[in-house]
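# Architecture at a glance
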Amino acid sequence: MSKAVATLHLLYGKIAAGKSTLAATLAAQPATLLVSEDHWTATLFPDELRTIDDYRRLSARLRAAMAPHLVSILRLGVSVVLDFPANTPTQRAWMRSLIDEAGVDHVLHVLDVPDAVCKVRLRQRNEAGAHAFQVSDAEFDQFTRFLVSPRPEEGFNLVVHSA
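Read on for a plain summary of the structure. (Residues numbered from 1 in each chain as written. Predicted model: local features only at pLDDT ≥ 70, side-chain atom pairs only at ≥ 80, totals over all residues. Heavy atoms only, no water.)

### Looking at the pattern of salt bridges
Rule in force here: Think of a salt bridge as a Lys or Arg side-chain nitrogen and an Asp or Glu carboxyl oxygen that are within 4 Å of each other. Counting from the N terminus, the helices are the DSSP runs of H or I reaching at least four residues and the strands are the DSSP runs of E reaching at least two. When accessible area is computed with a 1.4 Å probe and restricted to protein chains, residues below 20% of their type maximum are described as buried, those above 50% as exposed, and intermediate ones as partly exposed.
All chains considered together, the criterion is met by nine salt bridges. With a closest N to O distance of 3.8 Å, Asp100 and Arg96 form a salt bridge. Of this pair, Asp100 and Arg96 are both found in helix H4 (residues 89-102), four residues apart, which corresponds to roughly one turn of the helix. In this structure Asp100 comes out as exposed when scored by relative accessible area, which is 52%. Put simply, Asp141 and Lys119 hold a salt bridge, and the shortest N to O gap is 2.9 Å. Of this pair, Asp141 sits in helix H6 (residues 137-144) while Lys119 sits in helix H5 (residues 115-128), and the two are 22 residues apart along the sequence. Each of Glu48, Asp54 and Arg57 takes part in a single network of salt bridges with overlapping partners.

Okay, here's the thing in structure tokens:
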């Protein structure tokens, strides 16, 4: 009997575009594990994550710690939904290294959602208090400026989800 080939699911999109909602749906598939950056950073660094520079530093630390475990899980044939943003070439290069090291299939889910829709969702999310982080409109704009769309030369298998 041959071992199942795992898939690494990646997510590109703005804050409140629906990445975590899509991640939960994808993770409902058999033999699929959800790994959420927001959960890990909120648990490990609750008092340290205040600025974009903090995010960069702490996210890099988390990625370094998680990488060997993610590769091992994928090599076992368990698919992973990586609810970490695939929003910059640097983030995607790290994800590509996981794909290559584990030798697995992948899908980069691109959430194409207008800013206005994201901001409405963000305000609702903030009011509900159900998310690990509260983000203002100004912070949304600040983070959104750093997004760089996936390019064909990066070689990802894209699936676009439009709002």
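Alright, that's what it looks like, and here's the rest.
### Observations concerning the nonpolar core
To be explicit about the condition: The term nonpolar core refers to a set of buried residues drawn from Ala, Val, Leu, Ile, Met, Phe, Trp, Tyr and Cys, joined through side-chain atoms within 4.5 Å.
Residues Leu8, Leu10, Leu70, Leu82, Trp94 and Leu98 are the most contacted members of the largest nonpolar core, which totals 24 residues. Counting only elements with at least two residues in this core, the list comes to strand S1 (7-12), helix H3 (52-75), strand S3 (79-85), H4 and strand S4 (105-112). Among the elements that make up this core, the one with the highest residue count is H3 (six residues). Within the second largest apolar cluster, 15 residues are counted, among which are Leu22, Ala27, Val113 and Val135.

### A few points about the pairing of S1
Spelled out, the test is: Between any two strands, pairing holds if DSSP finds at least two bridges.
Here S1 lies mainly inside the structure; six of its six residues are buried. Side chains Thr7, His9 and Leu11 project from S1 onto one buried face, and the interleaved Leu8, Leu10 and Tyr12 project onto a second face that is buried too. Pairing between S1 and S4: six bridges, direction parallel. For Thr7, the partnering residue across the bridge sits in S4 and is Asp105. Sheet topology places S1 next to S3; three bridges connect them, and they run parallel. For His9, the partnering residue across the bridge sits in S3 and is Val81.

### What to know about the packing of H3 against H4
Put simply, the rule reads: Where helices are involved, their axes are fitted lines through C-alpha atoms of the stretch in contact, as for all axes, and angles between N-to-C directions lie from 0 to 180°. Roughly parallel means an angle under 35 degrees; roughly antiparallel means over 145; roughly perpendicular covers 65 to 115; every other angle is labelled oblique. Here a crossing is taken to be left-handed if its near helix is turned anticlockwise relative to the far helix by less than a right angle, and right-handed if that turn runs clockwise. In what follows, residue pairs with any heavy atoms lying within 4.5 Å of each other are defined as contacts.
Contact geometry of H3 with H4 gives a least axis separation of 9 Å together with a crossing angle of 15°. Judged by the inter-axis angle, H3 sits roughly parallel to H4. At the point where H3 passes H4, the crossing takes the right-handed sense. Contact residues: Tyr55, Arg63, Ala67, Leu70, Val71, Leu74 and Arg75 in H3; Gln91, Trp94, Leu98, Glu101 and Ala102 in H4.

### Quick word on H4
Using the following cut-off: Residue count minus one, scaled by 1.5 Å, sets the expected span of a helix.
The end-to-end C-alpha distance of H4, which contains 14 residues, comes to 20 Å, matching closely the 20 Å that a straight helix rising 1.5 Å per residue would cover. Buried residues along H4 sit in contact with S1, H3, S3 and S4. In the stretch just after H4, Gly103 is the one whose phi turns positive, near 70°.

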